[in-house]
Amino acid sequence: MSFAPFKHVTAKHVLVLALGVAATALAGCTNHAPAPKSFQQATIQPYRLDSGDRLRISVFEQPGLSNTYTVDQAGYVAFPLIGQVAARGQTLPALEGAIASRLKQGYLRDPDVTIEVDRYRPVFVMGEVGRPGQYSYVPGMTAQNAVAIAGGFTSRGNQRDVDVTRKINGQVITGRTTIAAPVLAGDTIYVRERLF
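Model, not experiment: these values are computed from the prediction.

Re the pattern of salt bridges
- Throughout the structure, instances matching the rule amount to 12 salt bridges.
- Its salt-bridge partner being D50, residue R88 comes within 2.7 Å of it at the nearest N-O pair. Linking R88 in the loop between β4 (83-86) and α3 (92-104) with D50 in the loop between α2 (37-44) and β1 (54-59), this pair joins segments that are 38 residues apart in sequence.
- Owing to a relative accessible area of 10%, D50 belongs among the buried residues under this scheme.
- By sharing partners, the salt bridges in this structure join R54, R56, E116 and D118 into a single network.

Below is the structure:
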């Protein structure tokens, strides 16, 4: 049996083919650019509320109104007396003002509203980690902290940098960050497979 079509294949051809396959693999791994400046800027801005945040809302001397409330999937908080209040994208002081303003409209003379985040929306850790999934966010968390909570890197996990998907000003952006970079509530952290 003869393999005539392959009789001119040399080590040089095999090397060129191998380099081509490696270049294609590398190109597939570099599909996310480094994180834009807006990633870093978002970590130093006031916290913006979104679906899944649970809030502790207190109205001074109004125990019937003081309770925990969750920002629903539509981005609203259902509050007694005044109904739905838009929370998505709001800072805590802005939401305090919105609730106080609505309560002034025929319910309370001078409401004093304070809001604290009782539980932040989760972060999602995916890819080459021990236990991919959804985890509680803690202020000051870094990508490395999130990976540790998710069971650490697998033996194939890239430990230098990660891809983070984040909503910034209503736009979903993915960028590559260092493992030491801070993450925000709602972020998705993806650990890629290392090449070698």
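Details of the packing of aromatic side chains
- Tallied over the full model, the rule gives three aromatic pairs.
- Ring geometry for Y69 versus F79: centroids 5.0 Å apart, planes at 45°, classification tilted. Residue Y69 is located in strand β2 (residues 67-70), and its partner F79 is located in strand β3 (residues 76-79); the two are separated by 10 residues in the primary sequence.
- Taking the relative accessible area as the measure of exposure, F79 reaches 3% and is therefore buried.
- With a centroid separation of 5.3 Å and an interplanar angle of 75°, the aromatic rings of Y120 and Y137 are classed as edge-to-face. Taken together, the positions of Y120 in the loop between β5 (113-119) and β6 (123-127) and Y137 in the loop between β7 (133-135) and α4 (143-149) put the pair 17 residues apart, joining distant regions of the chain.

Rules used throughout
Residues numbered from 1 in each chain as written. Predicted model: local features only at pLDDT ≥ 70, side-chain atom pairs only at ≥ 80, totals over all residues. Heavy atoms only, no water. Salt bridge = Lys/Arg side-chain N within 4 Å of Asp/Glu carboxyl O. Helix = DSSP H or I, 4+ residues; strand = E, 2+ residues; numbered from the N terminus. Buried < 20%, exposed > 50% of the residue type's maximum accessible area, 1.4 Å probe, protein only. Phe/Tyr/Trp six-rings, centres within 6.5 Å; stacked < 30°, edge-to-face > 60°.

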